[in-house]
Amino acid sequence: MVDIASRVYNHKWKIDPIVRSLIDTDFYKLLMCQSVFRNKPDTQVTFSLINRTKSVPLAKLIDEGELREQLDHIRSLSLTRGESTWLRGNTFYGKRQMFRSDFMEWFENLRLPAYHLERVGDQYELTFEGSWPEVMLWEIPALAVLMELRGRAVLNQMARFELQVLYARAMTKLWEKIERLRQVDGLRLADFGTRRRHSFLWQDWCVRAMVEGLGDKFTGTSNCLIAKNRDLEAIGTNAHELPMVYAALAEDDAALAQAPYDVLSDWHEEHDGNLRMILPDTYGTQGFLDNAPDWLAGWTGIRIDSGDPAEGAEVAIKWWKSRGEDPTKKLVIFSDGLDVEKIEELAVQFRGRVRVSFGWGTLLTNDFRGLTPGDALAPFSLVCKAVSANGRPTVKLSDNPKKAMGPAEEIARYKRVFDVGAQQAQEVIV
């Protein structure tokens with residue numbers, strides 16, 4: 001087993017790469033990338049880093065030269081033969097050859113495009129521009145680099161024994177969570193923690209702890225590289241990025257209202273089974289479901305990623321019943337700001353009413369809260385989002401207005417088109 005504390009203490013090389021593989025990313029990114037490669041390959045997009053936690057001054061903590069070195073290293077990466085073989089030949093969600101030959105040939109020759117980095121006050125402005133299939137693959141590694149460099153800035157001030165104690169405490173903290181989760185009947189839980197992890201080594205340790213501690217209750221990891229290395233299921237479906245870009249490309253209000261369903265129509269043609277998961281909250285869950293075509297009610301389930309999770313599940317159950325579907329045969333995946341207490345609560349509340357699963361993210365792979373002076377390693381809310389498509393701004397409304405993004409006038413337009421009324425603000429945990 002890797003001695004993480006010693007590895008952290010020995011960060012003395014010119015560059016210790018944070019991201020060492022193009023498949024050190026979330027599985028849903030590759031699934032979406034193939035869909036975009038097939039349906040919207042020529043769309044030009046801009047992705048931008050957004051630090052929602054302004055109290056964390058990234059530009060003061062992270063050296064710009066070191067950040068550039070890490071980003072430049074990522075641009076040098078390409079798929080290895082073993083990685084390509086795994087993607088081409090492995091079984092994902094019960095299906096062989098999930099990734100088509102034309103997509104794989106493109107991916108095997110890919111190098112990530114250029115980036116733009118500028119310091120603005122105490123934050124970094126980091127943007128990526130170019131064709132959608134290429135640029136979208138920057139999101140996860142860029143976040144991982146920023147999160148880990150911020151962590152290294154704190155850890156570099158600590159001595160060897162301090163680091164040993166810190167990681168011992170963090171390991172104990174996670175193991176105590178695992179011991180509680182063992183008691184949850186029928187638990188199905190996956191690691192969704194790549195984008196805001198403490199580090200790759202720590203995410204890998206957390207996944208191995210979950211495998212040992214939870215057994216069959218742990219269903220896999222969203223991280224492709226860890227899934228490959230540990231012979232685990234790669235878990236993931238789709239994300240808000242798809243409807244945000246499709247909506248930005250809409251020519252008028254009627255096309256805008258249809259855009260979220262166009263996304264899932266394209267997805268329907270490519271995937272079946274547990275990959276047919278609806279993510280309904282991009283422009284408000286209730287309105288999305290009210291206007292959804294009947295064929296979507298036949299999909300496997302829904303992922304709830306904003307707003308009050310219990311309320312979102314109740315809305316989904318009511319919708320399935322209204323469309324003549326049996327909710328007990330449907331799957332609800334909870335994936336927003338989860339920790340043990342919320343997982344326990346939701347598992348009990350919906351047991352027997354729907355099939356329940358959890359995508360556990362930041363508070364699995366980056367819970368160092370309370371372990372350092374000034375809580376200097378506490379996780380924070382950092383995202384990298386598509387902000388424009390073919391020169392038009394993207395918009396996300398969410399079921400939580402604190403997660404909304406886009407120009408004010410476009411947000412107002414989208415609220416009108418999607419008939420979004422009053423929303424209840426929720427604390428953005430991570």
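Up top you'll find the structure we're talking about.
Residues numbered from 1 in each chain as written. Predicted model: local features only at pLDDT ≥ 70, side-chain atom pairs only at ≥ 80, totals over all residues. Heavy atoms only, no water.

Caption draft 1: Here's a closer look at the pairing of strand S11 (residues 355-360). Along S11, five of the six residues are buried, which leaves the element largely enclosed by surrounding structure. The pairing of strand S6 (residues 189-191) with S11 spans three bridges and is parallel. Within S11, the residue paired with aspartate 191 across the bridge is tryptophan 360. Summarising the sheet, strand S10 (residues 331-334) and S11 pair through four bridges and their orientation is parallel. Following the sheet pairing, isoleucine 333 is matched in S11 by serine 357. (Buried < 20%, exposed > 50% of the residue type's maximum accessible area, 1.4 Å probe, protein only. Helix = DSSP H or I, 4+ residues; strand = E, 2+ residues; numbered from the N terminus. Pairing = 2+ DSSP bridges.)

Caption draft 2: Layout of the side chain of threonine 237. On the secondary structure map, threonine 237 appears in the loop between helix H11 (224-230) and helix H12 (241-248). The exposure class assigned to threonine 237 is buried, which follows from its relative accessible area of 9%.

Caption draft 3: Quick look at the pattern of salt bridges. Summed over the entire model, instances satisfying the criterion amount to 32 salt bridges. Residue arginine 100 pairs with aspartate 102 through a salt bridge whose shortest N-O separation is 2.7 Å. Owing to a relative accessible area of 35%, aspartate 102 belongs among the partly exposed residues under this scheme. Linking glutamate 410 and arginine 413 is a salt bridge whose minimum nitrogen-to-oxygen distance equals 3.2 Å. Taken together, the residues span about one helical turn, with glutamate 410 and arginine 413 both in helix H19 (residues 408-417) at a distance of three residues. Judged by its relative accessible area of 18%, glutamate 410 is buried. (Salt bridge = Lys/Arg side-chain N within 4 Å of Asp/Glu carboxyl O.)

Caption draft 4: Region of interest: the nonpolar core. Counting residues in hydrophobic clusters, the biggest one holds 145 residues, and the most contacted among them are Leu87, Phe99, Tyr167, Phe334, Phe358 and Trp360. For this core, the element with the most residues is helix H8 (residues 139-155), which contributes ten residues. For phenylalanine 334, the contacting residues outside a window of four places in its chain are Ile304, Pro309, Ala313, Leu346, Phe350, Val356, Ser357, Phe358 and Gly359. (Core = buried A, V, L, I, M, F, W, Y, C linked by side-chain atoms within 4.5 Å. Contact = heavy atoms within 4.5 Å.)

Caption draft 5: The sheet that holds strand S1 (residues 44-51), seen in detail. If you trace the five strands from one edge of the open sheet to the other, you get S4-S5-S1-S12-S13, paired in antiparallel fashion. Either end of the sheet is taken by a strand with one partner, and the two such strands are strand S4 (115-120) and strand S13 (392-393). Strand direction decides the pairing type here: S4 and strand S5 (residues 123-131), joined by six bridges, are antiparallel. By the bridge assignment for S5, histidine 116 is matched with threonine 127. Lying on the sheet, helix H4 (residues 64-75) is in contact with S4 and S5; it crosses S4 at an angle near 165°. Seen against the sheet, H12 touches S1, strand S12 (382-389) and S13 and runs at an angle of roughly 25° to S12. (Axes fitted to C-alpha atoms, helices over the stretch in contact; angles between N-to-C directions.)

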